[in-house]
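Analysis of the macromolecular model
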Amino acid sequence: MFHEYRDLITELKQKDGHFHKLFEEHNALDDAITKLEKSHADQFEIESKKKEKLKLKDEIYSILVNHKNEN
């Protein structure tokens, strides 16, 4: 995710607790979605988790862009 921001992501994960939490939640949702898809779980549950993951991704991207523009 956001390979062009790899160094900034590493920096923010170390310095910004909120960013670190968002990033970890995103990764946990990604893992959960993969497991649900493999187990052929309810599509509504999968779609709900995908929407939550996308919301986190948008928030992460916003933080990255804002931080890059400030520096």
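Let us look at the structure shown here.

Procedures and definitions
- Residues numbered from 1 in each chain as written.
- Predicted model: local features only at pLDDT ≥ 70, side-chain atom pairs only at ≥ 80, totals over all residues.
- Heavy atoms only, no water.
- Core = buried A, V, L, I, M, F, W, Y, C linked by side-chain atoms within 4.5 Å.
- Buried < 20%, exposed > 50% of the residue type's maximum accessible area, 1.4 Å probe, protein only.
- Helix = DSSP H or I, 4+ residues; strand = E, 2+ residues; numbered from the N terminus.
- Contact = heavy atoms within 4.5 Å.
- Salt bridge = Lys/Arg side-chain N within 4 Å of Asp/Glu carboxyl O.

Let us now look at the nonpolar core. Core analysis: the biggest nonpolar cluster contains 13 residues, and Phe2, Tyr5, Ile9, Leu12, Phe19, Ile60 and Leu64 have the highest contact counts within it. Residue assignment for this core shows that the elements contributing at least two residues are helix H1 (6-15), helix H2 (17-38) and helix H3 (43-70). Apart from the residues within four sequence positions on either side, Ile60 is in contact with Met1, Phe2, Phe19, Leu22, Phe23 and His26.

Glancing now at the pattern of salt bridges. Summed over all chains, the structure comprises four salt bridges. Ionic pairing is found between Asp30 and Lys53, a salt bridge with its closest N-O pair at 2.7 Å. Of this pair, Asp30 sits in helix H2 while Lys53 sits in helix H3, placing them 23 residues apart in sequence. One salt bridge in this structure joins Glu37 and Lys50, with 3.2 Å as the shortest N-O distance. Here Glu37 is found in helix H2, whereas its partner Lys50 is found in helix H3, with 13 residues between them in sequence.

Our next topic: unusual backbone geometry. Here the phi dihedral of His40 falls at roughly 55°; this positive angle occurs in a residue that is not glycine. Tracing the chain through its elements places His40 in the loop between H2 and H3.

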